[in-house]
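Close look at the chain arrangement
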Amino acid sequence: MTSQPPIPPIDTSRPHSARVYDYWLNGKNNYEADAVAAERVARIWPGVKLGAQLNRAFMRRATRWLAAEAGVRQFLDIGTGIPTEPNLHQVAQSVAPDSRVVYADNDPIVLQYAQALLTSSLEGRTAYVHADVTEPEQLLESPELRETLDLGRPVALSMIALLHFLTDERGAYDLVRRLLDPLPSGSYLVLTHATADFDPDLLTRVSEAYQSTVTEGQIRSNTEVARFFEGLELLDPGLVVCHRWRPDPSEPQPDITDAELSVYAGVARKP
């Protein structure tokens, strides 16, 4: 594993999306500004905390399926966020101990806690790249990634709750293509994305509150989210609200409507 870069200064006076998400997951790695922003959104959208937990639950189910059923042994998780157990590599390596995982994020606090992402099984390997999704070539060429993943073999590209922070003006669709194009046939795209399809008024108010305090973003419709999967083979049950993607019958099912959650999820294979 290559050494980590110096940790940039952390601005605790302004909320950051990774730390706000950590707050909703009942994490400890957030600051007052993050808590204030998170609670402002929660007052408008009471289901946001449960939604964050169900979003993580989808990640676990999708990763488990990819490792167990699709035979994927390489994962690239962009927009990792602050470590929250079980992390993606723990899920993948619980199924296939030889799984290799690269995490990437651009928040200094994620870098600070990245060691928690590097506790790999003996048979597998994990690495962390401090990088920005808007520079995909730099990420894909990073020594940490190249020393961990073989881009000649299938990779599952995970972009959980990330793409609604990338507007069309910032080239969101092009960025996903630039990340997928170098990956071989048999690779996968895994994503979740907020939507206003089920309650436009609620999500408009949430979006306005979030963008005024945390960061820019763009809420997309089913058709717009489906565009990220163009040219790929979308797995059953398709693009659905995330708690409806292959629910685990052994786990309690959440008492929440699609409108209360308003987050799409999908997994697709590159032919």
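Our structure's up above, just so we're on the same page.
Here's a quick rundown of the structure. Here the structure is a predicted model, which means the values were calculated and not measured. (Residues numbered from 1 in each chain as written. Predicted model: local features only at pLDDT ≥ 70, side-chain atom pairs only at ≥ 80, totals over all residues. Heavy atoms only, no water.)

**Some details on the overall build of the protein chain**
Counted only if it meets this: What counts as a helix is a DSSP run of H or I of at least four residues, what counts as a strand is a run of E of at least two, and both are numbered from the N terminus. Based on C-alpha atoms, the radius of gyration is set beside the globule rule, defined as 2.2 Å times the residue count to the power 0.38. Per-residue accessibility, obtained with a 1.4 Å probe over protein chains only, is compared with the maximum for each type, and a residue is labelled buried under 20%, exposed over 50%, and partly exposed between these values. Two residues qualify as a contact provided that any one of their heavy atoms is within 4.5 Å of a heavy atom in the partner residue. Per-residue and other accessible areas were derived by the Shrake-Rupley procedure at a 1.4 Å probe size, with only the shown protein chains allowed to occlude residues.
Along the protein chain, the regular secondary structure elements total 11 helices and 8 strands. Relative to the 2.2 N^0.38 estimate, which gives 18 Å for 271 residues, the radius of gyration of the protein chain is 17 Å and therefore close to what a compact globule would have. Oriented by its inertia axes, the alpha-carbon framework of the protein chain measures out at about 45 × 45 × 40 Å. Burial analysis of the protein chain (271 residues in total) assigns 54% to the buried set. Sequence-distant contacts in the protein chain: of pairs separated by 6 or more residues, those separated by 24 or more amount to 77%. In the form shown here, the protein chain has an accessible surface area of approximately 11,700 Å², with 49% of it arising from carbon and sulfur atoms.

**Structural notes on helix H4 (residues 88-95)**
Residues of H4 that are buried: Leu-88, His-89, Val-91, Ala-92 and Gln-93. Tucked inside the fold, the buried residues of H4 contact helix H3 (48-68), strand E1 (74-78), strand E2 (100-105), strand E3 (125-130) and strand E4 (156-159).

**A word on the packing of aromatic side chains**
Test applied: Only the six-membered ring of Trp is used, alongside the rings of Phe and Tyr, when aromatic pairs are assigned; centres must lie within 6.5 Å, and planes under 30 degrees apart are stacked while those over 60 apart are edge-to-face, with the rest tilted.
All chains considered together, the criterion is met by 4 aromatic pairs. On the basis of an interplanar angle of 25 degrees and a centroid distance of 4.3 Å, the ring pair of Tyr-173 and Phe-228 is categorised as stacked. Here Tyr-173 is found in helix H8 (residues 172-180), whereas its partner Phe-228 is found in the loop between helix H10 (222-226) and strand E6 (233-234), with 55 residues between them in sequence. Phe-228 matches Tyr-173 in its accessibility class, with the two residues each being buried. Ring geometry for Phe-198 and Tyr-264: centres 5.7 Å apart, planes at 55 degrees, overall tilted. With Phe-198 in the loop between strand E5 (188-194) and helix H9 (200-213) and Tyr-264 in strand E8 (residues 263-269), the pair connects residues that are 66 residues apart, well separated along the chain. For Phe-198, a relative accessible area of 33% puts it in the partly exposed group. Here Tyr-264 falls in the buried class, since its relative accessible area comes to 5%.

**Notes on the nonpolar core**
Our working rule: Residues enter a nonpolar core if they are buried and are Ala, Val, Leu, Ile, Met, Phe, Trp, Tyr or Cys, with the set joined through side-chain atoms within 4.5 Å.
Phe-58, Leu-66, Phe-75, Tyr-128 and Val-267 are the most contacted members of the largest nonpolar core, which has 36 residues in total. Every element with two or more residues in this core is listed here: H3, H4, E2, helix H5 (108-112), E5, strand E7 (240-241) and E8. Among the elements that line this core, the one with the most residues is H3, at 6 residues. Judged by nonpolar contacts, the second largest core, of 35 residues, contains Leu-162, Leu-175, Leu-179 and Phe-228.

**Observations regarding the side chain of Asn-29**
You can see Asn-29 is positioned in the loop between helix H1 (17-24) and helix H2 (32-44). Those residues within four positions of Asn-29 in sequence are excluded, and the remaining contacts are Arg-19, Asp-22, Ile-82, Ile-109 and Tyr-113.

**A word on the packing of H1 against H3**
Short version of the rule: The axes used here are C-alpha line fits, helices contributing only the stretch in contact, and every angle between their N-to-C directions lies in the interval 0 to 180 degrees. Oblique is the label for every angle not falling under 35 degrees (roughly parallel), over 145 degrees (roughly antiparallel), or within 65 to 115 degrees (roughly perpendicular). Gly is put with the polar residues, along with every residue not named as nonpolar or charged; the nonpolar set is Ala, Val, Leu, Ile, Met, Phe, Trp, Tyr, Cys and Pro, and the charged set is Asp, Glu, Lys and Arg.
One can describe the packing of H1 onto H3 by two numbers: an axis separation of 8 Å at closest approach and a directional angle of 100 degrees. With respect to H3, the axis of H1 lies roughly perpendicular. On H3, the residues that touch Tyr-21, Tyr-23 and Trp-24 of H1 are Val-48, Lys-49, Ala-52, Gln-53, Asn-55 and Arg-56. Looking at the contact of H1 with H3 residue by residue, the classes come out as 5 nonpolar, 2 polar and 2 charged.

**Overview of the pairing of E8**
Here is the rule: A pair of strands is labelled paired if DSSP reports no fewer than 2 bridges between them.
The buried fraction of E8 is high, at 6 of 7 residues. As defined by bridge partners, E5 adjoins E8 across 7 bridges and the pair is classed as antiparallel. Paired with His-193 across the strands is Tyr-264, a residue of E8. Taken together, the 2 bridges between E6 and E8 define a ladder with antiparallel strand orientation. From the neighbouring strand, Leu-234 faces E8, where its bridge partner is Ala-268. Note: E7 against E8, 2 bridges, orientation antiparallel. Following the sheet pairing, Val-240 is matched in E8 by Ala-265.

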